[in-house]
Amino acid sequence: MSLVVAEKVAKTYRVGDVDVPALRGIDFSIEPGSFVTFVGPSGSGKSTLLNLIGCLDHPSSGKLTVLETDVSTLTRTAAAQFRGRNIGFIFQEFNLVPVLTAYENIEYPLIMVQDWPERRRREQVARLLDAVGMKGEANKRPDQLSGGQKQRVAVARALATNAKLVLADEPTANLDRDTAYRIIGLMKKMRDEFRTTFVFSTHDPKIMAEAEVIFTLEDGRLREQAETMVPAHA
């Protein structure tokens, strides 16, 4: 059973008196446990598509199914509840809460979204800090962390609620080459360990080189789908 299925999905924005199409009736599917990227020039519809999959917006037409739920029809409240239970996000700018420690940033969605009891939260955060190699930095705030460390915390936060799907919008854009490769390797490790599906929007050739499925968008249309044989990165 596919994790995500898009059927003739379109999105049009109203700008003044003009309709601006961002996506033009695209079809695709994403399988569980895959490492997928959407690529294309700026304005091709990549970020719009991630917003739709992440239930941050609704298609103008077509059907979008995520985890066997037609998210096209969800109300704002239902979409927020579905997103909180099932989807994690990783951002280009990290989006960590500056006054919270690494530990507290990972714990935050477990309090605000899931309302887990304290003992369960403590066990989950400790497990994730260890998994992403940040156990020793648990009590540091974001301004005390490097870019790579911030993104490690962001990866852990995205997985905190046991999300089945993680959406990453240009997650390596602010990282140097070596750090970017380490973060990509970490996300693949997390995919294997937690059986989570990762979906990227990117211009970064490093992510494209490591992706198992690449969808190419151009002018809001899906131009190509390619499956790759990815060697282990040294």
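Details of the structure are given in the entry above.
Here's what I pulled together on the structure shown here. Bear in mind that the values here come from a model prediction, so they are computed numbers and not experimental data.

Definitions and cut-offs
Residues numbered from 1 in each chain as written. Predicted model: local features only at pLDDT ≥ 70, side-chain atom pairs only at ≥ 80, totals over all residues. Heavy atoms only, no water. Phe/Tyr/Trp six-rings, centres within 6.5 Å; stacked < 30°, edge-to-face > 60°. Helix = DSSP H or I, 4+ residues; strand = E, 2+ residues; numbered from the N terminus. Buried < 20%, exposed > 50% of the residue type's maximum accessible area, 1.4 Å probe, protein only. 1 Å grid on protein atoms, 1.4 Å probe; cavity = no way out; pocket = protein on both sides within 12 Å on 5 of 7 lines; lining within 4 Å. Points joined across faces, edges and corners; volume = space filled by probe spheres on them. Nonpolar A, V, L, I, M, F, W, Y, C, P; charged D, E, K, R; others polar. Pairing = 2+ DSSP bridges. Axes fitted to C-alpha atoms, helices over the stretch in contact; angles between N-to-C directions. Contact = heavy atoms within 4.5 Å. Salt bridge = Lys/Arg side-chain N within 4 Å of Asp/Glu carboxyl O.

One pass over the structure, following the stated rule, counts seven aromatic pairs. Residues F28 and F38 carry aromatic rings whose centres are separated by 5.2 Å and whose planes lie at 70 degrees to one another, so their mutual orientation is edge-to-face. Placement of the pair is F28 in strand 2 (residues 18–30) and F38 in strand 3 (residues 35–39), with a sequence separation of ten residues. Assigned by exposure class, F28 and F38 land together as buried. By way of ring pairs, the aromatic residues F28, F38 and F215 are connected into one cluster.

Unoccupied space between atoms shows up once a probe the size of one water molecule is rolled over them. Here the largest pocket is characterised by a volume of approximately 360 Å³. I87, G88, F89, P109 and V113 are the residues nearest the centre of the largest pocket, which is lined by 14 residues in total. When residues of the lining of the largest pocket are traced back to their parent elements, those giving at least two are helix 2 (76–86), strand 6 (87–91), helix 3 (102–112) and helix 5 (147–159). When residues of the lining of the largest pocket are assigned to their parent elements, the largest contribution, four residues, is made by strand 6. Taken together, the residues that form the lining of the largest pocket break down as nine nonpolar, three polar and two charged.

Before going further, it helps to examine the sheet that holds strand 9 (residues 213–218). With respect to topology, six strands assemble into an open sheet ordered 6-7-8-3-9-10, the strand pairing being mixed. Sheet topology places strand 6 and strand 10 (221–227) at the edges, where each strand pairs with a single neighbour. Sheet twist, expressed as the average angle between the axes of neighbouring strands with direction ignored, equals 20 degrees. Inspection of the sheet shows strand 3 paired to strand 8 (residues 197–202) by five bridges, in the parallel sense. Pairing of F35 across the sheet is with F198, part of strand 8.

As a further point, take the sheet that holds strand 4 (residues 61–66). Within the open sheet, the four strands sit side by side as 2-1-4-5. Their pairing is antiparallel. Both edges of this open sheet fall to strand 2 and strand 5 (69–70), since each of them pairs with a single strand only. Helix 1 (residues 46–53) rests against strand 1 (4–15), strand 2 and strand 4 of the sheet, and its axis sits at about 65 degrees to strand 2.

We now examine the pattern of salt bridges. For the coordinates displayed, the defined rule picks out twelve salt bridges. In this structure, D19 engages R14 in a salt bridge whose closest nitrogen and oxygen atoms are separated by 2.8 Å. For R14, a relative accessible area of 54% translates into the label exposed. Within this structure, R191, D192 and E212 form a network of salt bridges that share partners.

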